[in-house]
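# Results of the structural survey
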Amino acid sequence: MVDIMKSQTPIIEIDNLIVSFGEGDDARRAVDGVSFSVLAGETFGLVGESGSGKSTILRAITGLVPSTATTLRVMGEDVSRERGKDFYRKVQMVFQDPYEALHPRHTVWRQLMEPARIQKVPDAETRAKASLDAVGLPQALRWRYPHQLSGGQRQRVAIARALMLKPEILLLDEPTSALDVSVQAEILNLLCDLQEEHGLTFLMVTHDLGVVAHMCNRTAVMQSGKLVETLPVDVLVNGGATEPYTRKLIAASEAYGEAPASLSQLTKV
Amino acid sequence: MTTNSKGLKAWLTAEDTESPTQAAIQNIWMIWRRFADNPLGLLGLGIILLLVFAAIFVPWIATYSPFEQNLQSALRPPGGAHLLGTDELGRDIFSRILWGSRITLSIIVIVSIIVAPIGMLVGCFAGYYGGWLDTILMRITELFLSFPSLILALAFVAALGPSLENAVIAIALTQWPPIARLARAESLSLRHRDHISAVRLMGASNLRIVLSHIVPLCIPSVVVRITLNMAGIILTAAGLGFLGLGAQPPTPEWGAMVSTGRRFMLDSWWVVSMPGIAILTVSLAFNLAGDALRDALDPRQE
């Protein structure tokens, strides 16, 4: 699954991205001079422990938090200052907690139609039905409210909503960490299928090296707002990480029972 | 869809909803079920419905005209031809209370209609936008909040001249700031929630986010707050009436009735007590219903 769509054109280019919170002496850099680029069609992972700034990078790309960068380009367009309405047709995000990410008082159908209404998509209803099919949800669910759905179903709705605008890039913010283990695998496989079908590029944040091994082509390791190293996943899985922090991270996840060695069998099916 | 009650029940609780209307009705049904679990809330709702019923059908229920004087039967105790007695001019208190319910209800409705949208818009915009808009709007709100509401209402009525319309305007002026504060607090907590971020990532304008995503989520708590405030509105209106700054005689407004009756309180207790009991009952009913509504609308119970 990995090498088919990989191209050499960078679709997201980030150079020296800085996000700081607070002002004056209290200012703290959550993301401190991060540079990397994501190639079209690949899955790029961002790993690191909690608070290392990985989710903040996604929020900075989408403009949810203010940031400064020498370069911040998405599909060749400079988006470091302003993002037009068009930007959101290209880039969509899937959030960590699917219950939080859905409007609590809107039906599934309304959640799906909202992006189409905002962007004035002409064939909205057809698209919404297709989106539900794409994420494997029965059409009968469309008049339900989020609280009537299971966690996995909610995340599928969130993914379906992200697909409504037919984006090129999906930003995935720990899309499975709020779900149970069996459901995690379903959602990850769904994401892989969608990527193949729609030629999506994924930028995925996770703290789970197992997920990285399963999904990603390349990954960047982060520690307290800085990028420690960027390496292909094959190298990571085969113990080729050079930085001590990366090795520590792998060791920690092995101790937790997610040995990359056993994962390497799981990865490349 | 079947029309018998069993079919209706199944339709209301069906897992697989077939239409958006059904989904919406099911939602209302769930809220009603939670509301109905609270007997005191039902009692409150019952009293409010009775009040509304009375206000609509007064001409057919009232036994006398509210203005008709009959000095020969002045200050008659309750019983006989006059169910709740008569006042110092021989007017039937029962009929006057019934006609007064129209005044009370219209005050409540008009004040709520003025107050809810103003408070909600001010609060939601201040909370969502933050920055200088928040500062300006909230300082204005605090200006109104810094006076006790009855004093502020008194000052306005004194300036505008005593009448029922001015009393309504004065009460509305004192009632919107708490709503604005509540709505601001709600939208402050909502604006960084992921589902609002998600709408921003669809490219929605700020105006759209506030009006179609933040405001609807504030409505339940504002409705509850206004229901609870209705007791306060009734009491303020009665207070203004009592002080002679609200409805003018011979309008059968409950507060004004208490006020004129206090001269005869020792000999003829019913002149003061009957409208007083009416004020008490209705205020209590709104409080009970408001409490039950808050529990029923609380999304945390879902």
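This report concerns the structure included in the present document. Not measured: the values here are computed from a predicted model.

## Describing the overall build of chain B
In terms of helices and strands, chain B carries 11 helices and 0 strands. Seen in sequence order, chain B has helices and strands lined up from the N terminus as α-α-α-α-α-α-α-α-α-α-α. Along the first, second and third principal axes, the C-alpha atoms of chain B reach 75 × 55 × 25 Å. The proportion of buried residues among the 302 residues of chain B is 48%. Sequence separation of at least 24 residues holds for 69% of the intrachain contacts in chain B that already meet a minimum separation of 6. Looking at chain B as shown, the accessible area adds up to about 14,600 Å², and 68% of this sits on carbon and sulfur atoms. Here chain B contributes 20 positive and 19 negative side-chain charges, whose respective centroids are spaced 4 Å apart.

## Describing helix α5 (residues 124–134) of chain A
Residues and elements named next belong to chain A. Buried within α5 we find A124, R127, A128, S131 and L132. Angular distribution of buried residues about the axis of α5 spans 140°; they occupy a single face of the element. Of the exposed residues in α5, those oriented more than 90 degrees away from the buried face are T126 and D133. Trailing α5 by a residue or two, G136 shows a phi angle of about 75°, which is positive.

## Brief notes about the environment of S52 of chain A
Residues and elements named next belong to chain A. With respect to the secondary-structure elements, S52 resides in the loop between β3 (43–48) and α1 (54–62). Spatially, the C-alpha atoms of S52 and Q223 are 5.1 Å apart, while their sequence positions differ by 171 residues. Discounting chain neighbours no more than four positions away, the residues touching S52 are A30, M222, Q223, S224 and G225. Separated by 2.7 Å, the side chain of S52 and the backbone oxygen of E49 make a polar contact.

## What to know about the sheet that holds strand β7 (residues 169–173) of chain A
Residues and elements named next belong to chain A. Here 6 strands make up an open sheet; going across it, the order is β6-β7-β8-β3-β9-β10 and the pairing mixed. Edge positions in the sheet fall to β6 (91–94) and β10 (226–232), since each of these pairs with one other strand and no more. Strand-to-strand twist of the sheet, defined as the mean angle between neighbouring strand axes without regard to direction, takes the value 20°. Bridge analysis of β7 against strand β8 (residues 201–206) gives 5 bridges, and the strand direction is parallel. Residue D173 lies in a different strand from β8, and its bridge partner there is V205.

## So, the packing of helix α7 (residues 164–190) of chain B against helix α9 (residues 206–242) of chain B
All names here are of chain B. Packing of α7 against α9 leaves a shortest axis separation of 9 Å and a crossing angle of 155°. It follows that α7 is roughly antiparallel to α9 by the angle criterion. Judged by the sense of rotation from one axis to the other, the crossing of α7 with α9 is right-handed. Of α9, the residues touching α7 (which contributes A167, I171, Q175, P178, I179, L182, A183, E186, S187 and L190) are I214, L217, C218, S221, V222, R225, I226, N229, I233, T236, A237 and L240. Looking at the contact of α7 with α9 residue by residue, the classes come out as 15 nonpolar, 5 polar and 2 charged.

## So, the interface of chain B and chain A
Contact residues are listed per partner, giving 29 residues for chain B and 31 residues for chain A. Between chain B and chain A we count 3 salt bridges in total. Note that R208 of chain B and E114 of chain A form a salt bridge whose closest N and O atoms lie 3.1 Å from each other. On inspection of chain B and its partner chain A, the count reaches 7 residue pairs in polar contact (both at pLDDT 80 or more). Listing elements by their share of the side of chain B that touches chain A, those giving two or more residues are α2 (20–36), α8 (194–200) and α9 of chain B.

## Some details on the pattern of salt bridges
A side chain of one charge can pair with a side chain of the opposite charge when the charged atoms of the two come close. Residue and element names in this part refer to chain A. If you walk through the whole model with that rule in mind, you get 18 salt bridges over all chains. Residue K226 is joined to D32 by a salt bridge in which the shortest nitrogen-to-oxygen separation is 3.1 Å. With a gap of 194 residues between them, K226 in strand β10 and D32 in strand β2 (residues 28–39) connect regions that are remote in the sequence. When the shortest N-O distance is used, the salt bridge between R156 and E186 registers 3.0 Å. Residue R156 is located in helix α6 (residues 151–163), and its partner E186 is located in helix α7 (residues 181–198); the two are separated by 30 residues in the primary sequence. The buried category is assigned to R156, whose relative accessible area is 16%. Here E186 falls in the partly exposed class, since its relative accessible area comes to 41%.

## Some remarks on unusual backbone geometry
All names here are of chain A. We note that K120 has phi near 55°; this positive angle belongs to a residue other than glycine. Mapped onto the secondary structure, K120 falls in the loop between α4 (108–119) and α5. Backbone geometry places S224, a non-glycine residue, at a positive phi of 35°. Position of S224 relative to the elements: it lies in the loop between β9 (218–223) and β10. Relative accessible area serves as the criterion here: at 57%, S224 is assigned to the exposed category.

Criteria and thresholds
Residues numbered from 1 in each chain as written. Chains lettered and ligands numbered in written order. Predicted model: local features only at pLDDT ≥ 70, side-chain atom pairs only at ≥ 80, totals over all residues. Heavy atoms only, no water. Helix = DSSP H or I, 4+ residues; strand = E, 2+ residues; numbered from the N terminus. Buried < 20%, exposed > 50% of the residue type's maximum accessible area, 1.4 Å probe, protein only. Contact = heavy atoms within 4.5 Å. Areas by Shrake-Rupley, 256 points an atom, 1.4 Å probe, with all protein chains shown as cover. Lys, Arg positive; Asp, Glu negative; His and termini not counted. Charge placed at Lys NZ, Arg CZ, Asp CG, Glu CD. Arc of directions from axis to C-beta. Polar contact = N/O pair within 3.5 Å; in protein donor to acceptor, adjacent residues only side chain to side chain. Pairing = 2+ DSSP bridges. Axes fitted to C-alpha atoms, helices over the stretch in contact; angles between N-to-C directions. Parallel < 35°, antiparallel > 145°, perpendicular 65-115°, else oblique. Left-handed = near helix turned anticlockwise from the far one by under 90°. Nonpolar A, V, L, I, M, F, W, Y, C, P; charged D, E, K, R; others polar. Salt bridge = Lys/Arg side-chain N within 4 Å of Asp/Glu carboxyl O.

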